[in-house]
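Here are the chains, one letter per residue:
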Amino acid sequence: MPMEVSNITTVTAFVLLGLSTNPQFQALLFVLFLVIYLLTLSGNLLMVVVISTNSHLHTPMYFFLKNLSLLDAFYSSVIVPKLLENLLSRWKTISFIGCFAQIALVLFSGASEACLLSVMAYDRFQAVCHNLMYMMVMNKRVCAGLVMACCALGIGTSLINTLLLVEQHFCGPNIIHGFACELPPVLFLACSDAYTSITTILATMVIMGLGTLIPLLSSYSRIIVTALRINSATGRSKIFSTCSSHLIVITIFYGSGFFRYMTPASGSVLEQVISVQYSVVTPLLNPLIYSLKNKEVKAALRRMLARKSQLTF
């Protein structure tokens, strides 16, 4: 809602149009997204518990996977609760501060996850290409430092872009064609000249994207070369099996993320679908992909369930 000060209208809240105006369809979406959200939290937190309680999984790869699960649960909790609230609410508004806080947290989660996926690729590179030195290079201190560096990079990216956005003047309209406050559609609503902000934001996005994607591609290209040099079909199969889950997650993350943040905001149906997939579905898919395609995780989960059933009876 706009507020007039000294003949200058200032937006104090934004309206989220959401995915539908049909009450029956909104009720259906509420149930669907609530189920997805609960499954997302359950799946990611279960992954954290399984990795934390099973000594066989106390390795660098699973340490990073545990942090990825925490990030996914956090990211989903930034987006979905407000989405659920708006599906039931008549007034689908979000305050100016609330909108910018959501943008900041989304940017932090996305940047941290991009960095973490690159770190996970580097971990696989060390495990495959420098197997004998692996545990020495990827020790606990190094792993913890890499995770903290990812969080620091996420915080820095979030602060730079959010502060640039806050400098813009919003005088209306205040309608966001979406279900969440995200950088492209909100920046599109700025009344002031946003050229500098847009240029800087795009630059940070490109630097962040290339800065994480290039090391990631470099790591996997060297892994592939190493795998192809192995004469044993079993050895090659083991390498590709270990890395396949991570490659699927990377493809989904970067593919949908690139489309969402590097294309103009239009409010189209396709854009909404990509937003739902990126914001709501992807955090659910990650634990499913890693658990279904990873024998060690499945074995640890079976052991945990077996212990639980023994204690029950």
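Keep in mind that this is a model prediction, so the values were computed, not measured.

Quick notes on the rules
Residues numbered from 1 in each chain as written. Predicted model: local features only at pLDDT ≥ 70, side-chain atom pairs only at ≥ 80, totals over all residues. Heavy atoms only, no water. Patch = residues over 30% accessible without salt bridge, like charges linked within 9 Å, V, L, I, M, F, W, Y side chains within 5 Å. Areas by Shrake-Rupley, 256 points an atom, 1.4 Å probe, with all protein chains shown as cover. Salt bridge = Lys/Arg side-chain N within 4 Å of Asp/Glu carboxyl O. Helix = DSSP H or I, 4+ residues; strand = E, 2+ residues; numbered from the N terminus. 1 Å grid on protein atoms, 1.4 Å probe; cavity = no way out; pocket = protein on both sides within 12 Å on 5 of 7 lines; lining within 4 Å. Points joined across faces, edges and corners; volume = space filled by probe spheres on them. Expected span 1.5 Å × (residues − 1). Buried < 20%, exposed > 50% of the residue type's maximum accessible area, 1.4 Å probe, protein only. Core = buried A, V, L, I, M, F, W, Y, C linked by side-chain atoms within 4.5 Å. Contact = heavy atoms within 4.5 Å. UniProt positions renumbered as here; feature names shortened; annotations may be inferred. Pairing = 2+ DSSP bridges. Axes fitted to C-alpha atoms, helices over the stretch in contact; angles between N-to-C directions. Phe/Tyr/Trp six-rings, centres within 6.5 Å; stacked < 30°, edge-to-face > 60°. Disulfide = S-S within 2.5 Å.

S.K.: Just give me the short version of a nonpolar patch on the surface, but keep the residues and values in it.
M.R.: A cluster of nonpolar side chains, contributed by Val-31, Val-35 and Leu-39, occupies part of the molecular surface with about 250 Å² of accessible area. By the element assignment, Val-31 lies in helix H1 (residues 23-53).

S.K.: So what's going on with the layout of surface pockets? Residues and values would help.
M.R.: The computed volume of the largest pocket comes to approximately 650 Å³. As for the largest pocket, its lining consists of 21 residues, and the residues nearest its centre are Met-61, Arg-124, Lys-238, Thr-242 and Glu-296. Contributions of two or more residues to the lining of the largest pocket are made by helix H2 (60-88), helix H3 (96-129), helix H4 (134-137), helix H8 (233-261) and helix H10 (295-312). With five residues, H8 is the single largest residue contributor to the lining of the largest pocket.

S.K.: Describe helix H7 (residues 195-229), and please don't skip the residues or the numbers.
M.R.: Taking 1.5 Å of rise per residue, the 35 residues of H7 would be expected to cover 51 Å, and the 50 Å separating its terminal C-alpha atoms lies within 8% of that figure. All of the buried residues along H7 are Ser-197, Ile-201, Thr-204, Met-205, Met-208, Thr-212, Leu-216, Ser-219, Tyr-220, Ile-223 and Ala-227.

S.K.: Now, about the nonpolar core: what can you tell me, with residues and values included?
M.R.: One broad trend across soluble globular proteins is that nonpolar side chains are buried collectively. Residues Phe-33, Phe-64, Leu-65, Leu-116, Leu-117, Met-120 and Val-280 are the most contacted members of the largest nonpolar core, which totals 62 residues. The residues touching Val-280, leaving out its near neighbours within four places in the chain, are Phe-33, Ile-36, Thr-40, Val-80, Leu-83, Phe-179 and Ser-275. In this structure, Leu-16, Phe-100, Leu-107 and Leu-165 belong to the second largest nonpolar core, which totals 19 residues.

S.K.: Lay out the UniProt feature "transmembrane region" (unreviewed entry) in the protein in plain terms, naming residues and giving numbers.
M.R.: In the UniProt entry, the feature "transmembrane region" (unreviewed entry) is given for residues 27-51, 93-122, 142-164, 194-218, 239-262 and 274-292. Taken end to end, residues 27-51 has its terminal C-alpha atoms 36 Å apart, with 100% of it in helix and 0% in strand. Secondary structure over residues 93-122 splits into 90% helix and 10% strand, and the C-alpha atoms at its two ends are 42 Å apart.

S.K.: Describe the environment of Ala-121, naming the residues involved and giving the relevant values.
M.R.: Tracing the chain through its elements places Ala-121 in helix H3. In contact with Ala-121, not counting residues within four places along its chain, are Leu-216, Ser-219, Tyr-220, Ile-223 and His-246.

S.K.: Outline the sheet that holds strand E5 (residues 175-176), listing residues and values.
M.R.: Judged by pairing direction, the sheet is mixed, and its three strands sit side by side in the order E4-E3-E5 without closing on themselves. Two strands lie at the open edges of the sheet, namely strand E4 (93-95) and E5, each paired on one side alone. Alignment of strand E3 (residues 13-16) against E4, held across three bridges, turns out to be antiparallel. Among the inter-strand pairings, Val-15 is bridged to a residue of E4, identified as Thr-93. The strands touched by H3 are E3, E4 and E5; relative to E4, the strand with the most contacts, the crossing angle is about 85 degrees.

S.K.: Account for the packing of aromatic side chains, with residues named and values stated.
M.R.: Here a ring pair, both rings aromatic, is described through the centre-centre distance and the interplanar angle of the planes. Counted under the stated rule, the structure contains 10 aromatic pairs. Taken together, a centroid distance of 5.7 Å and an interplanar angle of 90 degrees make the contact between Phe-14 and Phe-170 edge-to-face. Highlighted residues: Phe-14 in strand E3 and Phe-170 in the loop between helix H5 (140-166) and E5, separated in sequence by 156 residues.

S.K.: Give me the lowdown on H5, citing residues and values where you can.
M.R.: The first and last C-alpha atoms of H5 sit 39 Å apart over 27 residues, in line with the 39 Å expected at 1.5 Å per residue. Those residues of H5 hidden inside the fold are in contact with H2, H3, helix H6 (183-187) and H7.

S.K.: Outline the state of the cysteines, listing residues and values.
M.R.: Scanning the model with the defined rule gives one disulfide in all. Paired by a disulfide, Cys-99 and Cys-181 hold their sulfur atoms 2.1 Å apart. Residues Cys-99 and Cys-181 are joined through a disulfide that is left-handed, its torsion about the S-S bond being -115 degrees. One end of the pair, Cys-99, is in helix H3; the other, Cys-181, is in the loop between E5 and H6, with 82 residues separating them in the sequence.

S.K.: Can you break down empty space enclosed by the protein residue by residue, with the values?
M.R.: Following the criterion strictly, the structure yields two cavities of 30 Å³ or more and no others. In this structure, the largest cavity occupies an estimated 120 Å³ of space. Forming the boundary of the largest cavity are Met-61, Phe-64, Leu-65, Met-120, Asp-123, Arg-124, Thr-242, Ser-245, His-246, Tyr-290 and Asn-294. For the lining of the largest cavity, the secondary structure elements donating two or more residues are H2, H3 and H8.

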